[in-house]
Amino acid sequence: MFRFVSTDFDNHPEEVLYLEKIASQTIVEGLRACYQLKADDNCFWMMIEPYFPENFFSGFAQYVGMKDDTAAGITFIREKVRRMIEKMMDERKVYTFDVFEELLFAISIMSAKDEVDFRREVGYKKKNLYINRKRATAVVNELMARFGYSDREAKQAANEVLRFDKMLLSDDEDDNLFFWDDDYAFLFEKGFIEGINRLKSYAGEQAGYGYDYTCDIFKDIGLKPPLLLLGTKEANRIANEVSAKRAMEMMNKLGSKLLGTDEQDLHFSDDLGDEDLPFS
């Protein structure tokens, strides 16, 4: 089952598990609607390509023993989605999606929202396929009878776990049950390879990711982490130590400049990239 990122229900574990179970069922249906796993590669990619940056998987095939980058990416996505669905259907354990799975989750929600907007625009009789009034009524009644919710509270909670097209983090929300943040958008904005490099970098470590986390993105679907892409753990550690040292030196120079204790002009090395900075 999905593990809510919100801590609002920490004192009500039975209530949380019930809502997480309902939400997990909704997520499974949403993922299956977006990523039609039985479709051939061309149809599969055609449905989701608009939500990825151009050439998103450029260079990926060489690291997984394939010849075509898009085909390699499709295979990887299929396996990740299958694993996500498997996690959601496991009622014995709660799971949090990794950051690439969050990207796939967010894309499926955006796809659902676009579908709703399209159906509304063209005047379909059934404008929203993600509203199931019979199921919503059952959840509302259960929350009121079993957990003492008021009618308003029950309807709000049911809406949060049943409306797949509304699960994405929005700018005006203080909290969200499904996303802590939108790191997935920043990390993979320049493609998959760049995203992996950002995750294992010094900045990635500072943001709570790092080398082991990045390896687990592959291991979770039974794929051996590609050494040519990730490098060894020791080599990554050394590289990140160098980046940390350079970032600290830069910050010290900046501090001296701001305090007026250094009359020299502040100079940033030409090869100092964003990944060297001590923030994500």
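Scroll up to find the structure this text is about.
Below: a short report on this structure. The shown structure was predicted, so the numbers you read here are calculated from the model rather than taken from an experiment. (Residues numbered from 1 in each chain as written. Predicted model: local features only at pLDDT ≥ 70, side-chain atom pairs only at ≥ 80, totals over all residues. Heavy atoms only, no water.)

**Some thoughts on helix 10 (residues 211-219)**
So, point 1. For helix 10, the set of buried residues is Tyr-211, Thr-214, Cys-215, Ile-217 and Phe-218. Projection of helix 10 onto a plane perpendicular to its axis shows the buried side chains occupying an angular sector of 145°, all on one side. (Buried < 20%, exposed > 50% of the residue type's maximum accessible area, 1.4 Å probe, protein only. Helix = DSSP H or I, 4+ residues; strand = E, 2+ residues; numbered from the N terminus. Arc of directions from axis to C-beta.)

**As for the pattern of salt bridges**
So, point 1. Per the counting criterion, the structure on display carries 22 salt bridges.
So, point 2. Close ionic contact of Arg-82 with Glu-79 constitutes a salt bridge, the shortest N to O distance being 2.6 Å. One end of the pair, Arg-82, and the other, Glu-79, are both in helix 3 (residues 69-89), 3 residues apart, so they sit about a helical turn from each other.
So, point 3. Taking relative accessible area as the criterion, Glu-79 reaches 33% and is therefore assigned partly exposed.
So, point 4. With a shortest N-O distance of 3.3 Å, Arg-198 and Glu-189 are connected by a salt bridge.
So, point 5. Linked through salt bridges whose partners overlap, the residues forming this network are Lys-80, Arg-83, Glu-86, Lys-87, Asp-98, Glu-101 and Asp-220. (Salt bridge = Lys/Arg side-chain N within 4 Å of Asp/Glu carboxyl O.)

**Quick notes on the side chain of Thr-214**
So, point 1. Mapping Thr-214 onto the fold places it in helix 10.
So, point 2. With a relative accessible area of 0%, Thr-214 lands in the buried category.
So, point 3. Of note is the side chain of Thr-214, whose polar atom sits 2.7 Å from the backbone oxygen of Gly-210.
So, point 4. Among all residues touching Thr-214, those that are not within four sequence positions of it are Ile-196, Leu-199, Lys-200 and Leu-230. (Polar contact = N/O pair within 3.5 Å; in protein donor to acceptor, adjacent residues only side chain to side chain. Contact = heavy atoms within 4.5 Å.)

So, to be careful, I would describe these as geometric facts and stop short of saying anything about function.
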